[in-house]
Each structure stands twice: as structure tokens, then as C-alpha cells.
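Tertiary structure, described
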Amino acid sequence: MNQFLQVISPDVIIPLILAMVFGVFVGAIPGLTATMGVALIIPITYYMNPLAGLAMVLGVSFTAIFAGDIPATFLRIPGTPASGAATLDGFELSKKGKGSLALTLDLLCSSLGGLIGVFLLIMVAPPMAKFALKFTNFEYFWLGIFGLSMAAVLSKGNTIKGFVSAVIGVLISTIGIDVTTGYPRFTFGITELMDGVSFIPAMIGLFGLSEVLKRVQLGSENLELPAIKDKSKLSIKEAFSSIGKHIFTLIRGSFIGTFTGALPGAGADIAAWVSYGVEKNISRDKNIGKGSLRGVIAPTSANNAAIGGTWIPALVFGVPGDSITAIVLGAMLMYGLRPGPLIFTESRELVNQLFIIAILVQILLIPIGWLGIKTFSLILRLRSGIVLTAVVFFSIIGAYAIRNSFFDIYIMLIFGLIGYCLEKISVPLAPMILGLILGPMIEDNLRVGLIKTKGNFGPFLSRPISLILFIMIILILAGPQFFSLMKKNRPK
Amino acid sequence: MNTTTKDMIFGIVLVILSVFVFIYSSTFPEFAVRGERLPGPRFFPSILAFILFGFGIFYTVTGLIRLTLDKKQNRSMEKHSTRVVINVLFSIMSVILFVPFVNLIGLILTIIILGSSLMTLLYVKWYRSVIYSTILAILIYLIFQLLFKIPLPEGALISLLVR
């Protein structure tokens, strides 16, 4: 009860609501992603107590993922990558004059899907954490590699580039004082680099500034956003009756979303596509893709449920499920919290409060999302030039605010340029963040493991859990190639 | 630039990066305890350099092969108008110029000047740019300086004038 009262205190609830409003803004503007929203809000949360800070992060991520469906439905432009699948049927319904029904469905399914995701997180995470206590350096090393492999494989057909991106991230993580020997690596005499590359400025650069640079390339016409076409009324009653008819689609989507989200490197966008694909395959509804309600329910319930899923590996193993949780893990370390199985015993109260906040966010999502839909036309009236300039200055101040350091502004700029260049050659950026986060975990556990065994790599493969993880990595990396080869060689 | 050329450049950059990391990390000291050599500071970066070198060679060689095999491939160049290049450059410049500007004239004036210039460049009418960048400057000041008490530089020139 005391934990619940702490959560609903004004110190936590007001920042949470403000963060959710910000989430609507970030999600509804095409080009601004939920990851960017979280990266921009972390510097603000840095000066708050960890609970309020994490509440804001949770609020932004859930709300932005939902709000991404708003332009997806009305304009055929996904507000966030996670809304890609929702675009298909949502926009078709919009064309039929049912855009508002589609959006009300989006809102309710996001909230219900998110709720299911959070309940699964609450049920799955604590027992998994008990199991994770059996992990030693050897297992954590493979777990880190597993996280990187998943990120690479799920890099939308860019497996090799995804892997290279992850390796570059790991390499960047080696900058700074070597923990074992105290020797400064790749610092080039720059004092500010002794602590390593500041994580938040790097994130802001990769996701905020690089996106701005990408978008300012568009001509004046492309920088403009088209106007809303649908002006029909929002109907909760009709939406509830539609959900009732397709309740199994919602439950299926939420479960798929949670479990896809729990895979390191997957995340809300992949979860939405997987759920949409499954629905299309198993449903008899031939209207999917042409304005079917199932086509709206399946991805929108999955993408919000996936956020609950991404928190499972993040909290249990300290391995981020996607780029958002990667940033959150960095923030948790800044708050002095150490994600991993021990967090369930050392900071049990905080974990419980996080669960309460996550549930609260789903409930608050309905009124705030409702207002978001209503005010969307106002947000769209802002020209892209204004929004992009605001992102540039929030990025600058956000990077500076963490340590009051001008050096971090330049770090942010460098990462912005790196992100911009890498995206130009189709190198995904998310694996780089995972590399940055997982790098120290992989290196420390590899080196400590090798020191323990006096340089013998054998125990890395002979212990049962290590071996299982190793086999899983091989299957993940080689599986798709193997199946495509089998398919090619199959006699016709 | 077509994809093959981009990949080849990517490969060459990776090779250069990995060679640099390999050579630079070889200057890191050895880690030995009681005469026994253990994985020291150079151990992990060297492994990463080796992996990146492999990928670099892969992209360079496959790029070269593709270029030789298909000389007639579509050399569609990404044409950027001068305006687009200016947009990108000014966005970068506004970050670079921020530090000297903020030290000289303080946060609010910096955001108004750089912000309205950037907005105008991004096709917002100049008077609207000034209004919106002023709102933005005040908003940022309220959030960071007043709410979170982050000391933002007030600017040498401004403090001189105030005194």
C-alpha cells in the first residue's frame, strides 16, 4: 500500500502525465521516434528521484508507441517504426471514413495489449530472475553475445551490417579507463574520455541529431505534413463491441508482442509485424490489408505489449530488449541502480513500484491518448522546420545537462554524424547501442572468465547453460541461411 | 553513389579503422600477475579489430567483384541541391556554433539567433521563426534553468552589460 501511495504522489504522477503528453507529441510527429523521445527525456529525469525518472521513461515509451498509430491511420505515415504494420489496415479504414473507429480501436488495444504485456512481465520476470542467479561470468558472456546476435539477425535483412554495427558499438565501449588494470584506452589524452563515451549524449546524437540531418535533406514539399482528412466522431462503444468480436486477436497479438519483445534485439516494430503476419496467416478474414479490424487490432496490441516484453531481459539479465530499454539501462546505471537478477532482491520495492507505474500508464493512456487524437490536428499544424529546430536545441541542451559539459555536446554531434553516415549506407543504428551497452558486460565477463580458468576457453562451452546459449547463438546466426539453402535445393 | 560503391567505401573505412585499433592497442601494456600473462587492456580491442578487419575485407572485395562483373550497373548519383547541402551544413554548424555563442551571449539569445536562422532555412517564414525560437528559448530556460537548476552559461557579454 505504501509503495502504491508513493507512486501516486504528485512528485511521480505529475512528471508521468507530462511525459505521456510529450510521448503523444513525439509519437504523432512522423520522423520522431519513441527511442528519440526517451533519449530526449532522460536528461530531464537525471535530476529527479529514480522512481519519477523511470516513470517518465515508461510514460514516454508506451504513449509514443501508441501515438505513432495516429498519423499511420490518418496520413499513411507511421509516426514511429512500430506503427508500420498498423498503417496498412488503419489507413484503408480511414479511406472508408472509419479512421476514428480505427484510432479508438488503436487506443483501446494499445492500452489492453500493454496491460497484458505488463502482467506477463510481472509473472515471468521474478521466477526468471531466480534462475538467472545461477549465471556466472561464462553464462553472462554468452548472454551478451546472444543479445548482439539477435540484434544483428533482426536488423531487417541487414544481418552482416547489423553485426558490424554492434561490433563498432562494442569497440566504442572500450574507450576509457580499463577496469582491470586502470590503463586509459583510446582516450588520446582527453580527460573527458577517461570515464568512457557518455552514453546519453551518444544516444541523443544517434537518434536525435542524425534524424534531423536526414530530414533536413528533404525538399520544402517533403518537409511539410499533409492535413487530416477524417473528421468523424470517436466512438468508444463501437470500438469495445469490435474488440469483443475479435477478443482472441487481441489476446494473441498481446502474447506474440510480449514474447517477441522479450527477445533481445527485437522490439515493438518487429512484434507488430510478427503479430500482423500471424493474424494474416491463421485468420480466415480475407479483408486483412484492405481495411480489416483484425489488421488494426493485431499489430496495435502487439506493439504496446512488446514494451512489457522488452523489460523482461532488461530487468532480469541487464540485457536490453530493444533500443529504448538500452537507453533505460544506461539511465538506471546513472541512477545507481544495477539491472540484473539481484535488482529483485536489492531493490524489490522499486521493481514493484515500476510494475505499478506500468499498469497505471496503461490506464492513463486512454484519456491522454484520447486527448492526443483530438489535438493531433494542432500538432500537425506545426511546420517540420519548427519541430526539427526544437529537436536540435533539445538535443544540445540534453547532452550538456547530464554533466554540465560542453564536451558532451561535441560527443552528441560526432555521434549524430556517425549515425547520419551509417544510415546512408544502410547500417542499422540500434545494434550499435546494444553493443555500447553490452560491450563492458561481454569484455568483463570474458576476461574474468579467462583469468579464472587461466586462459582456458573450455569452461565457456562445457557448462550446461553456457552450452545451450552457445547452441542458440549458432542456430540464430546460421538458421535463416540454412533454411533458405534448404528451400533453394528442394526438388520442384 | 550506388550501393556497391557505398559498401566498398564502408569496407575500406572498416579496414582502416581496424588497422588503427590493432596498431594503437598494441601500445597498451601487458597484464601479468606473478609472471603469468593474463588478458590485459589490449586483449579485447585486438579481437574486435580482427573481426572488423574481416568484415572490412569482405565488403571491399565483394564491392570490387561486383563492380568488375557489372560495369554497366546503374550509377545513379544522389543529386543534392545546394539548398539541401546548406540545410545539412547549417544544422551541423548550429551545434558547433552553440558553444561559443552561448558563452558569449547566453542561452536565450543564442537559441533565438541560431534557432530562427535554422527555422528560416527550413522554410519557415522569418517572423514566425523569431516567434517560435523565442518560445523555444524560454521553454528550454524554464525547464532546465529554473525547474532543474542546471547552471546554463549566461554569456560573458550579457554579464558585462548587467554589471
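Everything here concerns the structure above.
Here goes a summary of the coordinates provided. (Residues numbered from 1 in each chain as written. Chains lettered and ligands numbered in written order. Predicted model: local features only at pLDDT ≥ 70, side-chain atom pairs only at ≥ 80, totals over all residues. Heavy atoms only, no water.)

1. Here we look at the overall build of chain A
In terms of helices and strands, chain A carries 23 helices and two strands. The buried share among the 492 residues of chain A stands at 62%. In chain A, the proportion of contacts linking residues at least 24 apart, taken out of those at least 6 apart, comes to 78%. Accessible surface computed for chain A: about 18400 Å², of which carbon and sulfur atoms make up 66%. (Helix = DSSP H or I, 4+ residues; strand = E, 2+ residues; numbered from the N terminus. Buried < 20%, exposed > 50% of the residue type's maximum accessible area, 1.4 Å probe, protein only. Contact = heavy atoms within 4.5 Å. Areas by Shrake-Rupley, 256 points an atom, 1.4 Å probe, with all protein chains shown as cover.)

2. Description of the nonpolar core
Judged by nonpolar contacts, the single largest core of 168 residues is most densely connected at Leu-16, Met-203, Phe-344 and Ile-357 of chain A together with Phe-98, Ile-140 and Phe-144 of chain B. Broken down by element, this core gets its largest block of residues, 13 residues, from helix α4 (residues 50-67) of chain A. For Met-203 of chain A, the contacting residues outside a window of four places in its chain are Ala-39, Gly-208, Ile-327, Ile-433 and Leu-436 of chain A. In terms of nonpolar packing, the next biggest core, distinct from the first, is built from 12 residues, Cys-109, Leu-250, Leu-293 and Ile-297 of chain A among them. (Core = buried A, V, L, I, M, F, W, Y, C linked by side-chain atoms within 4.5 Å.)

3. Brief notes about the packing of helix α1 (residues 3-25) of chain B against helix α2 (residues 43-69) of chain B
Residue and element names in this part refer to chain B. Packing of α1 against α2 brings their axes to within 7 Å, and their N-to-C directions diverge by 155°. Between α1 and α2, the angle falls in the class roughly antiparallel. You can see that α1 and α2 cross each other, and the crossing is left-handed. The residue inventory of the contact of α1 with α2, partitioned by class, reads 18 nonpolar, eight polar and two charged. (Axes fitted to C-alpha atoms, helices over the stretch in contact; angles between N-to-C directions. Parallel < 35°, antiparallel > 145°, perpendicular 65-115°, else oblique. Left-handed = near helix turned anticlockwise from the far one by under 90°. Nonpolar A, V, L, I, M, F, W, Y, C, P; charged D, E, K, R; others polar.)

4. A word on the pattern of salt bridges
Residues and elements named next belong to chain A. A complete count under the given rule lists 12 salt bridges over all chains for this structure. The closest approach of N and O atoms between Arg-294 and Glu-279, which form a salt bridge, is 3.6 Å. Taken together, the residues span a long stretch of sequence, with Arg-294 in helix α15 (residues 294-317) and Glu-279 in helix α14 (residues 268-282) at a distance of 15 residues. Of the residues examined, Arg-294 reaches a relative accessible area of 23% and is grouped as partly exposed. Classification of Glu-279 by relative accessible area gives buried; the value is 3%. (Salt bridge = Lys/Arg side-chain N within 4 Å of Asp/Glu carboxyl O.)

5. Let's talk about α14 of chain A
A turn of α-helix holds 3.6 residues, and therefore any two residues three or four places apart point the same way. All names here are of chain A. Its 15 residues place the ends of α14 21 Å apart at the C-alpha level, agreeing with the 21 Å of an ideal helix rising 1.5 Å per residue. All of the buried residues along α14 are Ala-268, Asp-269, Ile-270, Ala-271, Ala-272, Ser-275, Tyr-276 and Glu-279. Along its buried surface, α14 packs onto α4, α6 (84-95), α13 (247-262) and α15. (Expected span 1.5 Å × (residues − 1).)

6. As for the interface of chain B and chain A
Every contact between the two is made by 63 residues of chain B and, on the other side, 62 residues of chain A. Between chain B and chain A, the buried area comes to about 5600 Å², and carbon and sulfur atoms account for 84% of it. Counting across the interface, chain B meets chain A through one salt bridge. For Asp-7 of chain B, the salt bridge identified is with Lys-161 of chain A, shortest N-O distance 2.7 Å. Across the chain B-chain A interface, the total number found is seven residue pairs in polar contact (both at pLDDT 80 or more). Put simply, the parts of the chain that give the side of chain B that touches chain A at least two residues each are α1, β2 (36-38), α2, α3 (82-105), α4 (107-121) and α5 (126-147) of chain B. No other element matches α3 of chain B, which puts 13 residues into the side of chain B that touches chain A. (Buried area = accessible area lost by both parts, 1.4 Å probe. Polar contact = N/O pair within 3.5 Å; in protein donor to acceptor, adjacent residues only side chain to side chain.)

Worth remembering: the numbers are spatial, not functional.
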